[in-house]
Each structure stands twice: as structure tokens, then as C-alpha cells.
Amino acid sequence: MVIRDMDSQVRVMYIGNPGADLDQISAALDTQLDFELVKTLSNLDKLVKEIHAAEPSLILIGHEISGQGTLDVIDDIVLQFPETPLVAILPDTDPTRAQQVMLAGARAFITEPFTQVNLLSTLRRVRDLEARRAKSQQVLDPVQGPEAVRPLRTFAVFSPRGGVGCSTLAANLAIELRAESGENVLLVDGKLFFGHLDVMLNIRARNTIADLVPHASLLDPGLIGDVVIEHTSGISVLLSPSDVQVAQGMRPEDMFNIMNGLKKAYGYIVIDAGSYLNENTVTMMDAADRIFLVTTPDLVALHDASRFIQISRTLSYPPEKTMIILNRANLAGGVKTKDIETALRHEVFAQIPDDGANVVRSLNRGIPLVMQYPRSQATLAIQKLAANVAQMGSVEMAGTKSVKKTQKRKGKSKAGVDQTATTPATQ
């Protein structure tokens, strides 16, 4: 008989049909000192009451109960128990289904058939992720005023809807942030599957972020310098793996250690987090000081953005961590900015005008928009965003959020004219 240390145990509740999954779960947890299966539930009649009674510290949920899909159930559980992490069991590796459960608020997922080793590895990753998040929240306690003593230097560009311009914005923002701040800037391709930064920037991948994994806990500037690629704009670029199997092998704990090492080597980091929400994406967001949530002025994109804002609360992100970037802001027939802010209950931090023709040309030529078309309205908006981002760190570092400064851009524009950007304090 196993003697359990109740103070350190993770109390697991399983919601799903009895059968092979439950047998695997029971067998796996029964031999573990750090996990205990405290409740199983095979119907939804008294779901909320049963969860309250069981007081689980982690919930496992199957893909169906009595023939009914559990996606909506996941959504309801996460909304009512945002502090309790939930792991979903999926019947296959369909990326669309995985994206759906993550957007519904699941912290992680495993697919059938799964082994006991796979199950325990996933549960421990979620447990460790929650522990890191709790520790981060202690550090970010408002009483300590962290934003008043350090700059904001790491930014994740993300959208739950593909095709809204995350990669384009991330790449061009990194270039302009380098021009604005004069500091070393690293652009990270956080889209571990099917990243595009190498094509967009016309660079070849000698090495990728996967090459840092064996040294994740002992990164030094020299090693990082051997892996990143220097772009003609002056920024460094860390590409995603070109091999899908290599990408699949990257674990959240590796990503966590890599991000910590990168932060020590660069003045600013911009992460192209893409549109696929999984454990690695969440880990990158955890490491970011701010998340730039990119949306376009159409109802579908706004619906997905709203869902992500809800999910960010279950991830214990403070409201100010997520900042809205409205791309293609002047799109004909688009939703008005005022209505977007009302719907999302968030102010729009920056607006990038629609410049589709120039964006496509720059992508096809492998030359970033801000370099190919320096007088484009979209370029000017990205320059303003970069100025605000650079100023955001220094203003908050000074502990003053009401100060407005005028900062002269280092260097000249591509047209050869000195530019001065007024950079209002940001929230």
C-alpha cells in the first residue's frame, strides 16, 4: 500500500466515460506519491456541485460523455473554476480539435491511445507550469510595483485566428524596435510548426531553436550567437525547426529555460507566437512581459480575440498584460474601433492601416515592409508602435505612467530624413 503525502499531492478528478481511459488513469495514478485520483464522474447532472465537493487541483476530461462531446463542458468548467487546470483527452491528433480545446481553456491535452508514462508526463508538466505561474504572480504582486522597477522587454505577438498578420507585424516591429532603441533585438519564430520567418526575411536556417534544447538550462551569449541568424536590418533571428518531428519533441520546460536564457542576452525580444495555442505557446506567453493580441475588424476575428481574453484570465494574466493591436484598421466595411473596444472591453493599443498590396509584394520579395516601403502608412504606424513600446519600458521603469516624452529615432529613415516620434505613455 502506498502512503501518500497529502500536502504535496495533486488531487485529480476524471470526468468521462468509464472504460480503457479510466483504467489507464487509475493504474497510473495509483502508484504515484504526488497524484491522487479523488473523484470520477460519468454524467453531467450535478457537475458543478461534484467539482465543488471534490475540490480537485487538476481535472482530466474525456472527449465525450454518454455520446455527448465535451467541448462546451470544458468551456463551462473553465469559466466557473478558472484556478483549476484542466487537461483534455482527445480521440486523435487533429490540430483543429486541439486548438478548440485550448481556446476553450484547457491547459494541455493528450491523445488516445495514451500510455501511463505519457499521461504522467503531461500531468507533471501542467503541475510545474501552474507552479511557475503562481510564482510569477507572487513576483508581479501589485504591492511590489514591479513595473516601476524594471522595463518591459519581451513581447509575444499572437492571434487565435490565422491570417491576421502576426508574422508580418512581429518581423517589422522587431526591425523598427531596433531602429528606435538602438539595442540588440531578437526575433523568435515561436511557430514551432510551419514557421515562415525564414521566407519572409529571405534568410537560410543554419540552426534553429531546437539546437538550444540540449543546453537549455546553461545558455550563454556565445552559444546563442552560434544559433541565431543576423539579418541585414541589424536584428537577430531565431528560427523554428524545419523538421516537424523535431518540433514535436520540444517540451514546455525546454522552452521555459530557453526563454530565460535569451532574456539575459538581448535588450528586446519579439516572439512571433502565431495562432496555434498549445503548451509551448502558453510558456512563451508566460515569459513575455506583454502579449500583443492581433485582430482585424471583422466579427470572426473579434470573436476569437474575445475568447482569448477570457482564457487569459484563467491563465492568471493581469488585464494589462494583453494589449490589442488592430491590423487592417481602415478595412472597408470593418467594425469601428469604438465598437471593438466595447465588445472586447479592452482599449486598442495600436492600429495598423490596411496596406495589402505592399505587404504581399514585400512578402514575395523577402524584404520586410518597413524596409521596402518606408513611407507606407502601415510602416509609419509600425514605427509609432515601436516608439511606444520602447517608451513603455522606460516610462514604467521610471515609475511614471503619465509622462510624455519625445524621443528622436536613432538614425534616419530609408528616405534619409530624420524622424522624431512622439511617444505617449502607455498603460
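Parameters and conventions
Residues numbered from 1 in each chain as written. Predicted model: local features only at pLDDT ≥ 70, side-chain atom pairs only at ≥ 80, totals over all residues. Heavy atoms only, no water. Helix = DSSP H or I, 4+ residues; strand = E, 2+ residues; numbered from the N terminus. Buried < 20%, exposed > 50% of the residue type's maximum accessible area, 1.4 Å probe, protein only. Polar contact = N/O pair within 3.5 Å; in protein donor to acceptor, adjacent residues only side chain to side chain. Core = buried A, V, L, I, M, F, W, Y, C linked by side-chain atoms within 4.5 Å. Contact = heavy atoms within 4.5 Å. Pairing = 2+ DSSP bridges. Axes fitted to C-alpha atoms, helices over the stretch in contact; angles between N-to-C directions. Parallel < 35°, antiparallel > 145°, perpendicular 65-115°, else oblique. Left-handed = near helix turned anticlockwise from the far one by under 90°. Nonpolar A, V, L, I, M, F, W, Y, C, P; charged D, E, K, R; others polar. Right-handed = clockwise from strand over helix to strand, strands pointing away.

S.K.: Would you mind going over the side chain of His231 with me for this structure?
M.R.: With respect to the helices, strands and loops of the structure, His231 is situated in the loop between β10 (229–230) and β11 (236–238). Take His231: its relative accessible area is 8%, and that puts it in the buried class. Within the structure, His231 has its side chain in polar contact with the side chain of Ser233 (distance 2.8 Å).

S.K.: Would you take a moment to explain the nonpolar core for this structure?
M.R.: Across soluble globular proteins, nonpolar side chains show a tendency to be buried alongside one another. Counting residues in hydrophobic clusters, the biggest one holds 68 residues, and the most contacted among them are Ile15, Ile77, Leu238, Leu262 and Leu277. With five residues, helix α12 (residues 299–314) is the single largest residue contributor to this core. In this view, Leu238 contacts Leu186, Leu187, Val188, Asp189, Thr208, Ile209, Leu212, Val227, Val228 and Leu262; residues no more than four positions away in its chain are not counted.

S.K.: Is there a simple way to explain helix α4 (residues 95–103) in this structure?
M.R.: Note on helix geometry: an α-helix contains 3.6 residues per turn, so any two residues three or four positions apart are oriented the same way. When α4 is considered as a whole, its buried residues turn out to be Ala98, Gln99, Val101, Met102 and Leu103. Considering only its buried residues, α4 is in contact with α3 (71–80), β6 (86–90), β7 (108–111), α11 (279–287) and α12.

S.K.: Explain the environment of Asp355 to me, please; I cannot follow it from the model alone.
M.R.: Inspection of the secondary structure puts Asp355 in the loop between β15 (348–352) and α14 (356–365). C-alpha separation for the pair Asp355 and Leu331, spaced 24 residues apart in sequence, amounts to 9.3 Å. Among all residues touching Asp355, those that are not within four sequence positions of it are Leu369, Ser376 and Ala378. In this structure the side chain of Asp355 is engaged in a polar contact, spanning 2.4 Å, whose partner is the side chain of Ser376.

S.K.: Any chance you could explain the sheet that holds β7 here in plain terms?
M.R.: In a beta sheet, neighbouring strands pair by backbone hydrogen bonds and run either parallel or antiparallel. One open sheet holds the five strands; their spatial order is β2-β1-β3-β6-β7, and the pairing between them is parallel. The sheet is open, and its two borders are formed by β2 (35–41) and β7, each paired with just one other strand. Looking at each pair of strands side by side, their axes are set apart by 25° on average, direction ignored. Across the face of the sheet, helix α1 (residues 20–30) comes into contact with β1 (10–15), β2, β3 (58–61) and β6 while running at roughly 155° to β2. Lying over the sheet, α3 contacts β1, β3 and β6, oriented at roughly 170° with respect to β3.

S.K.: Help me understand the environment of Pro18 in this model?
M.R.: Its place among the elements puts Pro18 in the loop between β1 and α1. Separated by 48 residues in sequence, Pro18 and Ser66 have C-alpha atoms that sit 9.8 Å apart.

S.K.: Can you help me understand the sheet that holds strand β14 (residues 322–327) in this one?
M.R.: Pairing is mixed across the open sheet formed by eight strands, whose spatial order is β10-β11-β9-β12-β8-β13-β14-β15. Because the sheet does not close on itself, it has two edges, and the strands there are β10 and β15. With three bridges joining them, strand β9 (residues 185–189) and β11 adopt parallel strand pairing. Pairing of Leu186 across the sheet is with Ser236, part of β11. Those strands touched by α12 are β8 (154–158), β13 (290–295) and β14, and its axis lies near 160° from that of β13.

S.K.: Please explain the packing of helix α10 (residues 252–265) against α11 as it appears in this structure.
M.R.: In a pair of packed helices, the angle between the axes and the distance between the axes together describe the arrangement. Taken N-terminus to C-terminus, the directions of α10 and α11 make an angle of 30°; their axes are 9 Å apart at the nearest point. Regarding the angle of α10 to α11, the classification is roughly parallel. Pair α10 / α11 crosses with right-handed handedness. When α10 is examined against α11, the residues Pro252, Met255, Phe256, Met259 and Lys263 are found in contact with a partner set consisting of Glu279, Asn280, Thr283, Met284 and Ala287. Residues that form the contact of α10 with α11 fall into these classes: six nonpolar, two polar and two charged.

S.K.: Is there a simple way to explain the pairing of β2 in this structure?
M.R.: Relative to β2, β1 runs parallel, the two sharing six bridges. Each residue of the ladder has a partner; that of Arg11, found in β2, is Glu36. In this region the chain leaves β1, passes through α1 and returns to the parallel neighbour β2; the handedness of that crossover is right-handed.

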